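Summary of structural features
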Amino acid sequence: MLVALAANLVIAAAKAVGGLAASSPALLSEAAHSVADSLNEVFLLAALRRSRRPADRRHPFGYGKERFFWSLLAAVGIFVMGGCFSFYQGIEALRSGGEDKDLSGYVAGLVVLGVALLAEGGSLLRALYQVRRQGGLASGLRDPALRTVVAEDGTAVVGVTLAVAGMALHMITGRVVWEAAASLAIGALLVYVAYRLGREARDQLIGEAVAPETSGRIRELLRAQPEIDSVEALLTMKTGMDTVLVAARVDLIPGLDSERVEEVAVRIKRSISHTFPEAEQIFLDVTERGSPEAREAWESPAATGERGGA
């Protein structure tokens, strides 16, 4: 990722110099886009480093959600530095009224964009290869860092293509409206990508449950235990990219003594951990059917922080 960051900074500098020299709104929009991508890669590096820290007393469930937090900051960066600046460039180009200007610098600008397109395309192919190695789109894109990289690279390829088209049409027709349209399209694309990434990061930060299919499999595993009479509640929450918290309240069949209940709880936890390795934290509240005291204890707010394995 450090190589990608250095490449993005070089590309951003080349786009900025070319955009200022040619006074091209589309090229300047792409320069802002590359700057936003560079800043976001710094965020992602921080996410990868900080999310690997082990759990401690202050954060007993670990630091897995660091990835979601930094991905949210990356989405904000795309929106502000990329989307808003591109909209500004497009609006300013439209306000200029399409007055004639020297387009000699556009050839060099198109060369810069051509090199950027090759670089961004290669980066996108590497990211898609990494997604494939991690099990395809469904599995690989669960990683917010990798998902952000794929979104950035895909958006960069589309953005450069729009800028090339806008500059080329401006050179052919002499009308700046084509570049203005390209800048506005780049801005709209970046705002959309930022919205999608931000929404996904938000869902995971506030405590997203596992997929319904996974939750159903956990419930079925619990129901299959001979000592469990019914599963009264099942709560799950993603605590990191590959870590999940599972909390369940189950009613046991009548007649089990306390020692037998403890053995059952340990066996059920081991069964869940074996079947679902991502379930690092498992909390069971086991009660005997028909026990109102146990049910009231579960529903009491004061007991929420005291639940653990039986």
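Our subject is the structure listed above.
A brief report on the enclosed structure follows. As the structure is a computational prediction, the values presented were derived from the model and not from experiment.

What follows deals with the pairing of strand E1 (residues 228-238). Summarising the sheet, E1 and strand E2 (residues 244-252) pair through nine bridges and their orientation is antiparallel. Bridge pairing links Lys238 to Val244 in E2.

For the rest of this paragraph, the subject is the packing of helix H3 (residues 66-95) against helix H7 (residues 177-205). One way to put it is that H3 packs onto H7 with a least axis distance of 7 Å and a crossing angle of 160 degrees. Accordingly, the angle class assigned to the pair H3 and H7 is roughly antiparallel. The two elements H3 and H7 meet at a crossing, and its hand is left-handed. Per-class residue counts for the contact of H3 with H7 are 21 nonpolar, 10 polar and no charged.

A few words now on the environment of Leu235. Relative to the assigned elements, Leu235 resides in strand E1. Residues Leu235 and Val210, spaced 25 residues apart in sequence, show a C-alpha to C-alpha distance of 9.2 Å. Those residues in contact with Leu235, other than ones at most four positions away along the chain, are Leu245, Val246 and Ala247.

Now for the side chain of Ser230. Note that Ser230 resides in strand E1. Take Ser230: its relative accessible area is 16%, and that puts it in the buried class.

Counting 21 residues, the largest nonpolar core has Leu222, Ile228, Val250, Leu252, Ile268 and Ile272 as its most contacted members. Counting only elements with at least two residues in this core, the list comes to helix H8 (212-223), E1, E2, helix H9 (258-275) and strand E3 (279-288). Per element, the largest residue contribution to this core is five residues, and it comes from E2.

How each quantity is defined
Residues numbered from 1 in each chain as written. Predicted model: local features only at pLDDT ≥ 70, side-chain atom pairs only at ≥ 80, totals over all residues. Heavy atoms only, no water. Pairing = 2+ DSSP bridges. Helix = DSSP H or I, 4+ residues; strand = E, 2+ residues; numbered from the N terminus. Axes fitted to C-alpha atoms, helices over the stretch in contact; angles between N-to-C directions. Parallel < 35°, antiparallel > 145°, perpendicular 65-115°, else oblique. Left-handed = near helix turned anticlockwise from the far one by under 90°. Nonpolar A, V, L, I, M, F, W, Y, C, P; charged D, E, K, R; others polar. Contact = heavy atoms within 4.5 Å. Buried < 20%, exposed > 50% of the residue type's maximum accessible area, 1.4 Å probe, protein only. Core = buried A, V, L, I, M, F, W, Y, C linked by side-chain atoms within 4.5 Å.

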